[in-house]
Each structure stands twice: as structure tokens, then as C-alpha cells.
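Given next are the chains, with one letter for each unit.
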Amino acid sequence: GFESGSYKQLNLKNVTFCGIVPRNVAPLFLAKCHVLLSTRIGGRFSGVQYPNKLSSYLAASRPIISSDVGDQPIILEKANCGIIFPAQSPKALAEAIVKILKLPENERLQMGINARHFAEEHLSVNILVKNLIEIYLKK
């Protein structure tokens, strides 16, 4: 994020910009959210980099709205935990937000459960260690 003052010029009445959230309080902050957004736009590097915040979002047990950049759509589809929109379409982002908010609460909760389950199965430290050992032991 950016400092919250950077957003004042947008003059949005129904949005609160919190600015930069310190890493040590990020999990508590994410737990207060109803849905998490990962709105990466395509570019020379962003399309091939893994978005680190996506791991935090998955672990937070919340539904995710993500742009179709890089690995994000693959992960969200595999985890069945959110909605994907075309990165260059603000209208599609708005529609995704409305769509997810119109879902029954139990469906949004299930998306969050799915996200957490995916994080535990694929992104935990134990899984990372196991995968690294397998890579190093390959001949």
C-alpha cells in the first residue's frame, strides 16, 4: 500500500484507505476484511513474479478477488477461493466486487476455508522444506 494521504485526492466517500500496514500486524488486519483484492496489472516483470501477498491472503481465510496476471488465476481456480477479473478492466473489477458481495455468506465463508486449506496444503513451511529437500536430492 501507500500512505493513506496519497488517496485523499480521489475523494471517495465510501472507501477507507488505511495506508501501509506494518508486517507484524498484517494478519490481524486481514482478519478484519470481508474480501481481499490482488489487483496486479500485467507488465514486464509482474506477469512472471509470484505475488507474495497472495500467500498471506490465502492464509487469512478470506475470499480473494484477483486480476488475471501471472499465477494468480491458476491458484484461485485450483483453490476455488475467489473471483478473477481482467487486469485492464476497472469495470470488471467493480463487477467482481459486487458479485462476491452478493454471494450468500456461506459461499463466501467456504471460499475463505478453501483458501486457507490451499495455503496449508501447498504453502506451509513444512511443504516448502519437503519440496526443497526433493529438489536438492534429485540427481
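Up top is the structure.
Keep in mind the model is a prediction, meaning the values are calculated, not measured.

1. What to know about the environment of Ala60
Turning to its location among the elements, Ala60 is positioned in the loop between helix H2 (52–59) and strand E2 (64–67). Take Ala60: its relative accessible area is 17%, and that puts it in the buried class. A C-alpha to C-alpha distance of 8.9 Å links Ala60 and Leu28, two positions 32 residues apart in sequence. Contact partners of Ala60, with chain neighbours within four places excluded, come to Leu30 and Leu36.

2. Observations concerning the pairing of E2
Burial of E2 is two-sided: the residues Ile64 and Ser66 facing one way and the residues Ile65 and Ser67 facing the other way are all buried. For strand E1 (residues 36–38) and E2, the ladder comprises three bridges, and the chain directions are parallel. Note on E2: the bridge partner recorded for Ser38 is Ser66. Pairing of E2 with strand E3 (residues 82–85), which is carried by four bridges, proceeds in the parallel orientation. Bridge assignment links Ile65 to a residue of E3, and that residue is Ile83. Note on the crossover from E2 through helix H3 (residues 72–79) to E3: the handedness is right-handed.

3. Concerning the packing of H3 against helix H5 (residues 105–122)
At their nearest, the axes of H3 and H5 sit 9 Å apart, and the two run at 110 degrees to each other. On the basis of the axis angle, H3 is roughly perpendicular to H5. Residue-level contacts link Ile75, Lys78 and Ala79 of H3 to Asn114, Phe118 and His122 of H5. Class assignment for the residues of the contact of H3 with H5 results in three nonpolar, two polar and one charged.

4. Here's the deal with the layout of surface pockets
The computed volume of the second largest pocket comes to approximately 160 Å³. Residue classes in the lining of the second largest pocket are distributed as three nonpolar, two polar and four charged.

5. Regarding the pattern of salt bridges
Scanning all chains against the criterion turns up three salt bridges. In this structure, Glu95 engages Lys91 in a salt bridge whose closest nitrogen and oxygen atoms are separated by 3.9 Å. Placement of the pair is Glu95 and Lys91 together in helix H4 (residues 90–102), with a separation of four residues, close to one helical turn. For Lys91, a relative accessible area of 60% corresponds to the exposed category. With a shortest N-O distance of 2.9 Å, Arg116 and Glu120 are connected by a salt bridge. Within this pair, Arg116 and its partner Glu120 are both found in helix H5, separated by four residues, close to a single helical turn.

Rules and cut-offs
Residues numbered from 1 in each chain as written. Predicted model: local features only at pLDDT ≥ 70, side-chain atom pairs only at ≥ 80, totals over all residues. Heavy atoms only, no water. Helix = DSSP H or I, 4+ residues; strand = E, 2+ residues; numbered from the N terminus. Buried < 20%, exposed > 50% of the residue type's maximum accessible area, 1.4 Å probe, protein only. Contact = heavy atoms within 4.5 Å. Pairing = 2+ DSSP bridges. Right-handed = clockwise from strand over helix to strand, strands pointing away. Axes fitted to C-alpha atoms, helices over the stretch in contact; angles between N-to-C directions. Parallel < 35°, antiparallel > 145°, perpendicular 65-115°, else oblique. Nonpolar A, V, L, I, M, F, W, Y, C, P; charged D, E, K, R; others polar. 1 Å grid on protein atoms, 1.4 Å probe; cavity = no way out; pocket = protein on both sides within 12 Å on 5 of 7 lines; lining within 4 Å. Points joined across faces, edges and corners; volume = space filled by probe spheres on them. Salt bridge = Lys/Arg side-chain N within 4 Å of Asp/Glu carboxyl O.

Any link to function would need more than the numbers given here.
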